[in-house]
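Results of the structural survey
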Amino acid sequence: MLEDALKYPLNSEDRVATLIIGGLLLVFSFLLIPAFILQGYLLRVLGSAAAGDEAAPSFTDWGGLLVDGLKLLVVSLVYGLAIAIPFIIASVVIGLGGLTGSDAGVAAFGIVGILLFLLATLVAIVIGYFLPAALTNFAVEGEMSAAFDFGAIREASFSSKYLVGVLLGVVLGIVIQSVATPFVFLLVGIPALFYGQVVTYYCFARGFADATNLGTSRTTSPTESTPAESL
């Protein structure tokens with residue numbers, strides 16, 4: 001998977017244009033629309049890699065990418081809330097300790113709050129581990145509801161193959177980002193950062209596909225057409 005992941009963004013005939021466009025979208029993500037298009041493209045990468053494509057998709061159907069990115073935002077917000085709520089509860093508990101007016105009350109609520117923070121951190125790690133499976137299932141099925149198909153997500157996530165894909169994706173993403181970041185001001189680092197994102201998402205998708213025994217005979221990604229057309 002390592003060699004395939006590193007080659008995946010470079011195998012397409014328009015790889016230079018794709019890397020430049022992706023880098024520009026990354027730079028202008030603060031304008032929001034480029035960020036949505038970029039997220040839509042990464043969703044397409046998940047579908048392409050899961051289908052067994054050897055080359056990264058091109059930037060085509062920009063309207064579809066924008067719609068897919070907006071759908072991905074909704075999915076991410078739902079999972080983001082699931083992560084944020086336990087931290088909010090922990091913060092409220094600690095804040096209530098200050099209202100007791102006693103040192104014992106502050107200490108008691110503080111201890112409970114710390115325990116809740118630790119639990120919230122564990123929940124965040126677990127959800128973060130499941131999230132690539134949820135997004136890949138969305139990309140494969142072409143429907144937002146697939147991102148919450150916990151049966152399929154659980155099936156993939158409890159596989160050692162998925163674990164390898166997630167860990168490899170995270171490690172490669174960190175390494176590539178660390179190498180590319182010092183060169184951002186020389187411009188070459190910007191496409192490299194985008195390259196790292198594509199490599200990471202490729203690993204996530206292949207881990208999911210290997211864990212769920214998805215076929216590799218498909219030549220096109222379902223996300224090139226379906227997510228933008230259906231909810």
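Residues numbered from 1 in each chain as written. Predicted model: local features only at pLDDT ≥ 70, side-chain atom pairs only at ≥ 80, totals over all residues. Heavy atoms only, no water.

**Concerning helix α7 (residues 160-180)**
Look at α7: 30 Å from first C-alpha to last across 21 residues, which is about the 30 Å you get at 1.5 Å a residue. Buried within α7 are the following residues: Tyr162, Gly165, Val166, Leu168, Gly169, Leu172, Gly173, Ile176 and Ala180. End-on view of α7: buried residues confined to an arc of 165 degrees, all on one side of the axis. Two to three positions downstream of the cap, the backbone nitrogen of lysine 161 sits 3.1 Å from a side-chain oxygen, assigning the N-cap of α7 to serine 159. (Helix = DSSP H or I, 4+ residues; strand = E, 2+ residues; numbered from the N terminus. Expected span 1.5 Å × (residues − 1). Buried < 20%, exposed > 50% of the residue type's maximum accessible area, 1.4 Å probe, protein only. Arc of directions from axis to C-beta. Polar contact = N/O pair within 3.5 Å; in protein donor to acceptor, adjacent residues only side chain to side chain.)

**Looking at the side chain of asparagine 137**
Topologically, asparagine 137 is positioned in helix α5 (residues 103-141). A polar contact is formed between the side chain of asparagine 137 and the backbone oxygen of alanine 146, at a distance of 2.8 Å. The residues touching asparagine 137, leaving out its near neighbours within four places in the chain, are Gly142, Ala146, Asp149, Ala152 and Phe208. (Contact = heavy atoms within 4.5 Å.)

**Side note on the packing of helix α2 (residues 15-27) against helix α3 (residues 33-50)**
Here α2 crosses α3 at 135 degrees, and the two axes come no closer than 8 Å. Taken together, α2 and α3 sit at an angle that is classed as oblique. As for the relative orientation of α2 and α3, their crossing is left-handed in sense. Here Thr18, Gly22, Leu25 and Leu26 of α2 come into contact with α3, specifically with Pro34, Ile37, Leu38 and Tyr41. (Axes fitted to C-alpha atoms, helices over the stretch in contact; angles between N-to-C directions. Parallel < 35°, antiparallel > 145°, perpendicular 65-115°, else oblique. Left-handed = near helix turned anticlockwise from the far one by under 90°.)

**Notes on the packing of α2 against helix α8 (residues 189-212)**
Relative orientation of the contacting elements α2 and α8 amounts to 95 degrees, with a least axis distance of 8 Å. Judged on the interaxial angle alone, α8 and α2 are roughly perpendicular. Each of Thr18, Leu19, Gly22, Gly23, Leu26 and Val27 in α2 lies in contact with α8, whose residues at this interface are Ile190, Pro191, Leu193, Phe194, Tyr195 and Gln197. Of the residues belonging to the contact of α2 with α8, the class tally is eight nonpolar, four polar and no charged. (Nonpolar A, V, L, I, M, F, W, Y, C, P; charged D, E, K, R; others polar.)

**A look at α8**
With 24 residues, α8 extends 35 Å between its outermost C-alpha atoms, agreeing within 8% with the 34 Å of an ideal straight helix rising 1.5 Å per residue. Backbone geometry just after α8 places asparagine 213 at a positive phi near 55 degrees.

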